[in-house]
Amino acid sequence: MKLILPKLMMLGALAPLMVCANVIVDTKDVDQTQYHADLYECQTLSQQVQKQQGNSAGRDMVGSAARGAVIGAAGSAIAGGSGSNGAKVGAGIGLVSGALKHRTEKQHDGKAYELEKDNVMKKCMANRGYTVLN
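What follows concerns the overall build of the chain. Assigned secondary structure in the chain consists of four helices and two strands. Going residue by residue from the N terminus, the α and β elements of the chain occur as α-β-α-α-α-β. The proportion of buried residues among the 134 residues of the chain is 24%. Long-range pairs, those at least 24 residues apart, make up 75% of the contacts in the chain with a sequence separation of at least 6. Element-wise, carbon and sulfur atoms account for 62% of the exposed surface of the chain, whose accessible area totals about 9400 Å².

Our focus in this paragraph is the pattern of salt bridges. In the structure shown here, the tally under the stated rule is two salt bridges. Taking the shortest distance from any N to any O, the salt bridge between D38 and R128 comes out at 3.1 Å. Of this pair, D38 sits in helix 2 (residues 32–46) while R128 is found in the loop between helix 4 (83–127) and strand 2 (131–132), placing the two residues 90 residues apart along the sequence. Between R128 and E41 there is a salt bridge, and its shortest N-O distance comes to 2.6 Å. Separated by 87 residues along the polypeptide, R128 in the loop between helix 4 and strand 2 and E41 in helix 2 bring together distant segments of the chain.

With that settled, the discussion passes to the packing of aromatic side chains. For the coordinates displayed, the defined rule picks out one aromatic pair. A centroid spacing of 5.6 Å and a plane angle of 75° characterise the contact between Y35 and Y130, whose relative ring orientation is edge-to-face. Here Y35 is found in helix 2, whereas its partner Y130 is found in the loop between helix 4 and strand 2, with 95 residues between them in sequence. One exposure class covers both Y35 and Y130, and it is buried.

Now for the confidence of the model for the chain. Summary statistics for the chain give a mean pLDDT of 73 and a share of 49% for residues scoring 70 or more. Segment residues 14–19 is flagged for pLDDT under 50; beyond a separation of four residues in sequence, or across chains, it makes five contacts in the model.

Right, let's talk about helix 2 for a bit. Taking 1.5 Å of rise per residue, the 15 residues of helix 2 would be expected to cover 21 Å, and the 21 Å separating its terminal C-alpha atoms lies within 8% of that figure. Those residues of helix 2 lying buried are Y35, D38, L39, C42, Q43 and S46. Summarising the axial view, the buried residues of helix 2 lie within an arc of 135°, below the 170-degree limit, and thus occupy one face. Projecting away from the buried face of helix 2 at angles above 90 degrees are the exposed residues T33 and Y40.

Cut-offs and rules
Residues numbered from 1 in each chain as written. Predicted model: local features only at pLDDT ≥ 70, side-chain atom pairs only at ≥ 80, totals over all residues. Heavy atoms only, no water. Helix = DSSP H or I, 4+ residues; strand = E, 2+ residues; numbered from the N terminus. Buried < 20%, exposed > 50% of the residue type's maximum accessible area, 1.4 Å probe, protein only. Contact = heavy atoms within 4.5 Å. Areas by Shrake-Rupley, 256 points an atom, 1.4 Å probe, with all protein chains shown as cover. Salt bridge = Lys/Arg side-chain N within 4 Å of Asp/Glu carboxyl O. Phe/Tyr/Trp six-rings, centres within 6.5 Å; stacked < 30°, edge-to-face > 60°. pLDDT = per-residue confidence, 0-100. Expected span 1.5 Å × (residues − 1). Arc of directions from axis to C-beta.

Below you can see the structure in the form of structure tokens.
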């Protein structure tokens, strides 16, 4: 029991750093009770950031497949081949490119969401008089 208590106290002291690791605040000469209250309130405010909703994966893939089919059919017909074979190949390529586009947009939206949450946290803590170091 004696070993567990110091570990729990240390974990409690590090909890704000774990929850909000992207914001570094200089806590020298700061009232820790008020700091933890302000940190909690700023974290609550940062949770209000709205996550961007990108296009649906289905719409991206169907649109890309349709464009690929048209381009493939036209290219194949111009080259003297079967337009339907070119459309099939173009649709397949378009389907894959649509899926890749959707994944890339989703990753970008996730990064932008995290950056905005961090920005809200930093501004909130700075507006409450803390020195934000990053």
